[in-house]
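Chain residues, written in single-letter form:
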Amino acid sequence: MLVAPFGMAFAADTPASTDLPDLAPIRAKVYAKDYQSAADDLRALTATVKHADLYNLLGFSLRNLGQYDEAAKWYREALYYDPDHRNAIEYQGELFIKTGQLQRAKNNVQKLEFLCLQGCLELTQLREAVAAAEKR
């Protein structure tokens, strides 16, 4: 009897995601560095889709367009829907570096160290980006 209330409380803490449509055509635009077209397509999807992968990809596209404030918003959304989204943590850390917030980037390294006990690509890439920023 005590299990049900705790289970419901936990579920209320996690926002519901919607089903994610196939993002392959949009990812192809990102890989081709057609960030503006990808961002336009992804923005349109945000009207009906709530999903960390969508928000992360939108943040990535906007960061590469130099639209840092809007990119930051979408990384926050991605991490709201999935606090352990490794790509969003890495990319947000890279955004922090771009905007002169090196300590916040280092905090993201620490998050990834916690999530990637055996190491992971996202951790390696963010560590390298932080090290390069420290040399500048």
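All figures in this text were calculated on a predicted structure; none of them were measured in a lab.

Q: Tell me about the environment of Asp41, and name the residues and values.
A: Following the sequence through the fold, Asp41 ends up in helix α3 (residues 35-45). Overall, the relative accessible area of 28% leaves Asp41 in the partly exposed class. Separated by 18 residues in sequence, Asp41 and Leu23 have C-alpha atoms that sit 9.7 Å apart. With near-sequence residues (within four places) excluded, Asp41 lies in contact with Ile26 and Lys29.

Q: Let's hear about the packing of aromatic side chains: which residues, and what values?
A: To describe a pair of aromatic rings, one takes the distance between the centres and the angle between the planes. Evaluation of the coordinates by the stated rule reveals five aromatic pairs. Between Tyr35 and Phe60 the ring centres are 6.1 Å apart and the planes differ by 70 degrees, which places this aromatic pair in the edge-to-face class. With Tyr35 in helix α3 and Phe60 in helix α4 (residues 52-64), this pair connects stretches of sequence that are 25 residues apart. Looking at Tyr35, the relative accessible area reads 13%, which means it is buried. Between the aromatic rings of Tyr80 and Tyr81, the centroid separation amounts to 5.3 Å while the plane-to-plane angle is 85 degrees, which identifies the pairing as edge-to-face.

What counts, and where the lines are drawn
Residues numbered from 1 in each chain as written. Predicted model: local features only at pLDDT ≥ 70, side-chain atom pairs only at ≥ 80, totals over all residues. Heavy atoms only, no water. Helix = DSSP H or I, 4+ residues; strand = E, 2+ residues; numbered from the N terminus. Buried < 20%, exposed > 50% of the residue type's maximum accessible area, 1.4 Å probe, protein only. Contact = heavy atoms within 4.5 Å. Phe/Tyr/Trp six-rings, centres within 6.5 Å; stacked < 30°, edge-to-face > 60°.

In short, geometric facts, not functional conclusions.
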